[in-house]
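Structure assessment
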Amino acid sequence: MDNLFTITQNPANSPHMRDLELEIRDAVLGKGLRKGEVVQYSVHLEYTDDKKTSVPKWITMEADGHRGFHLAADFVNPDHAAQQIRRRNGIE
């Protein structure tokens, strides 16, 4: 459960996170003459408070491959405040 978090479907989950994860997939699988890479992938979340019911406001994705692939992206979870209210009210 500690590895799950709520984000806004559009645009945070799709297209932002989806498109970045497709880039990582392509690096792992390799494209054309480029060989696939072993990729270390991390997602870091920034919250507005320390409460157990918090929803992340910012998402940072980082990925590095052993053959030079690199990805770093930050994006906002635009509906985090409303999601947090719904979660604290027992709706999510």
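Structure: above.
In short, a report on the structure. Here the structure is a predicted model, which is why all the values come from computation and not from measurement. (Residues numbered from 1 in each chain as written. Predicted model: local features only at pLDDT ≥ 70, side-chain atom pairs only at ≥ 80, totals over all residues. Heavy atoms only, no water.)

1. Considerations on helix H1 (residues 9-29)
The first and last C-alpha atoms of H1 sit only 26 Å apart over 21 residues, clearly below the 30 Å expected at 1.5 Å per residue. Taken as a whole, H1 carries its principal kink of about 30° at Met17. Taken together, the buried positions of H1 are occupied by Ala12, Ser14, Met17, Leu20, Ile24 and Ala27. One or two steps after H1, the chain reaches Gly30, where phi turns positive at roughly 80°. (Helix = DSSP H or I, 4+ residues; strand = E, 2+ residues; numbered from the N terminus. Expected span 1.5 Å × (residues − 1). Bend = angle between axes of the 7 residues up to and from the residue. Buried < 20%, exposed > 50% of the residue type's maximum accessible area, 1.4 Å probe, protein only.)

2. Some thoughts on the pattern of salt bridges
Two side chains bearing opposite charge may form a pair once their charged atoms approach each other closely. This structure, assessed with the given rule, holds five salt bridges. A salt bridge links Arg18 to Asp19, with the shortest nitrogen-to-oxygen separation between them at 2.9 Å. Between Lys31 and Asp26 there is a salt bridge whose closest N-O contact spans 3.7 Å. Look at Lys31 and you get exposed, because its relative accessible area is 55%. On the basis of relative accessibility, which here comes to 21%, the residue Asp26 falls in the partly exposed class. Where salt bridges share partners, they join Arg25, Asp26 and Lys31 into one cluster. (Salt bridge = Lys/Arg side-chain N within 4 Å of Asp/Glu carboxyl O.)

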